[in-house]
Amino acid sequence: MNWQAINFDWNQIRAFLATVDEGSFSAAARALGSTQPTLSRQIAALEEELGVTLFQRGRRSMMVTAAGRELVEHVRTMAEAATRISLAASGQSLAAEGLVTITATSFTAARFLPIVIAELSTYAPGIDIEIVASNELRDLNKREADIALRHARPEQPDLIAKLIDESDACLFASQAWVAKYGTPKTLDALAGHSFIGFETPERVSAGLAERGLNIRKEDVHHRSDSGEVILGLVRAGLGISVLPHFIARDYADLLPILRDQFSVTVPTWLVTHSELNTSQRVRIVFDQIAKTFAEIKNGRPDGPPA
């Protein structure tokens, strides 16, 4: 190993790669939790150390130079190796303290995770929890989260996944909507009515069609990536949506629509990275989530049933 050839600062490498990925110094600084002047100085120092210009700077724009483009993939390989080192180090942690980040959909985060955190606070008070409530899939391999609750089984081989729940979901509308439009008798009778979805109209109509409900994409008039927002839109009488039964049953103004003709099973997978699975604090949180879900399925009164 030629140690003399390795004489640059890793923070400078991070600054360079973040700028390439984010497209500007200001965006890269935000991504790294730094400041634009600091990041600019780091990149200038790296350019001086390597003896090349990495970015062509303009008044309103910047471009990666040919020399910079040649370095990008090498730097990205370094970043991926650094991430693996961080994962391995976290996996060897025996301390039942520190931060554990959990990502889950907004429904799960709001209705279920507070129960888990309340349990943890009694016997593992040294563990801090950050909840990322989002329907977007976070990349566990890149440490965007330590634990994920997902409704589809992950395919990555280096992730550990445990099926902890299967819940029913069906179509719901408000009492006001039913009073206005009547109670549909068949799935075909839903054509032309307003639907509310989590995704684009094209994906909503395609997903429902796979389950035997054919609607036009034009029928999807409202959408949101927040479960609470969709719940509010349905309760306001603005349309029909697929909602988990354990959520909708808490609201007397919501009525199931054709439940005997249309329902879906929503699985919940508890996921973590295989290397993080040996971290005591992650293991404790992982096990507590699985334990609490099992208790809820067995009729625990302070949580939603499966």
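Each remark here, short or long, concerns the structure printed above.
Let us look at the structure shown here. (Residues numbered from 1 in each chain as written. Predicted model: local features only at pLDDT ≥ 70, side-chain atom pairs only at ≥ 80, totals over all residues. Heavy atoms only, no water.)

1. What to know about the nonpolar core
To be explicit about the condition: Residues belong to a common nonpolar core when they are buried Ala, Val, Leu, Ile, Met, Phe, Trp, Tyr or Cys residues joined through side-chain atoms within 4.5 Å. Each residue is placed in one exposure class: buried if its accessible area under a 1.4 Å probe, protein chains only, is under 20% of its type's maximum, exposed if it is over 50%, and partly exposed if it falls in between. To qualify as a helix, a DSSP run of H or I must reach at least 4 residues; to qualify as a strand, a run of E must reach at least 2; elements of each kind are numbered from the N terminus.
The biggest cluster of nonpolar side chains holds 23 residues, and the ones touching the most others in it are Leu113, Ile147, Leu149, Leu270, Val285 and Ile289. When residues of this core are traced back to their parent elements, those giving at least two are strand 3 (98-104), helix 6 (113-123), strand 5 (147-150) and helix 11 (280-297). If you tally residues by element for this core, the top one is helix 11, at eight residues. If you look at the next biggest cluster of nonpolar residues, it comprises 18 residues, including Val178, Val204, Ile257 and Leu258.

2. Points about the packing of helix 1 (residues 10-22) against helix 3 (residues 36-50)
Counted only if it meets this: Axis definition: a line fitted to C-alpha atoms, over the contacting stretch in the case of helices. Angles run 0 to 180 degrees between N-to-C directions. Note that the term roughly parallel is reserved for angles under 35 degrees, roughly antiparallel for angles over 145, roughly perpendicular for angles of 65 to 115, and oblique for everything else. Note on contacts: a residue pair is in contact if any heavy atoms of the two residues lie within 4.5 Å. Residue polarity follows a fixed list, in which Ala, Val, Leu, Ile, Met, Phe, Trp, Tyr, Cys and Pro are nonpolar, Asp, Glu, Lys and Arg are charged, and the others, Gly among them, are polar.
Their axes nearest at 8 Å, the elements helix 1 and helix 3 cross at an angle of 110°. What the angle tells us is that helix 1 and helix 3 run roughly perpendicular. Between helix 1 and helix 3, the residues in contact are Asn11, Gln12, Ile13, Ala15, Phe16 and Thr19 and Leu39, Gln42, Ile43, Ala45 and Leu46, respectively. Tallied by class, residues from the contact of helix 1 with helix 3 come to seven nonpolar, four polar and no charged.

3. Things to note about the packing of aromatic side chains
Selection criterion: Each Phe, Tyr or Trp ring (for Trp, its six-membered ring) is paired with any other whose centre lies within 6.5 Å, and the angle between the two planes then decides the class: stacked below 30 degrees, edge-to-face above 60, tilted in between.
Tallied over the full model, the rule gives four aromatic pairs. With 5.0 Å between their ring centres and 40° between their planes, Trp177 and Tyr181 make a pair best called tilted. Note that Trp177 and Tyr181 are positioned in helix 7 (residues 175-181) at a spacing of four residues, about one turn of the helix. Look at Trp177 and you get buried, because its relative accessible area is 2%. The class for Tyr181 is partly exposed, based on a relative accessible area of 43%. Grouping aromatic residues by their ring pairs yields a cluster made of Phe16, Phe25 and Phe55.

4. Thoughts on the environment of Gly68
Along the chain, Gly68 falls in helix 4 (residues 66-91). Residue classification places Gly68 among the buried residues on the basis of a relative accessible area of 0%. Along the chain, Gly68 and Thr53 lie 15 residues apart, while their C-alpha atoms are 7.2 Å from each other. Leave out the neighbours within four places in its chain, and Gly68 touches Phe16, Thr53 and Leu54.

5. Describing the pattern of salt bridges
Side chains carrying opposite charge are able to pair once their charged atoms draw close together. Here is the rule: Salt bridges, as used here, are contacts in which a Lys or Arg side-chain nitrogen is within 4 Å of a carboxyl oxygen on Asp or Glu.
All chains considered together, the criterion is met by seven salt bridges. For the salt bridge of Lys217 with Glu202, the shortest nitrogen-to-oxygen distance reads 3.9 Å. Highlighted residues: Lys217 in the loop between helix 8 (201-210) and strand 8 (220-223) and Glu202 in helix 8, separated in sequence by 15 residues. The exposure class assigned to Lys217 is partly exposed, which follows from its relative accessible area of 40%. Accessibility expressed as a relative area gives 42% for Glu202, which makes it partly exposed. Put simply, Asp287 and Arg283 hold a salt bridge, and the shortest N to O gap is 2.6 Å. Here Asp287 pairs with Arg283, and both are found in helix 11, just four residues apart, close to one helical turn.

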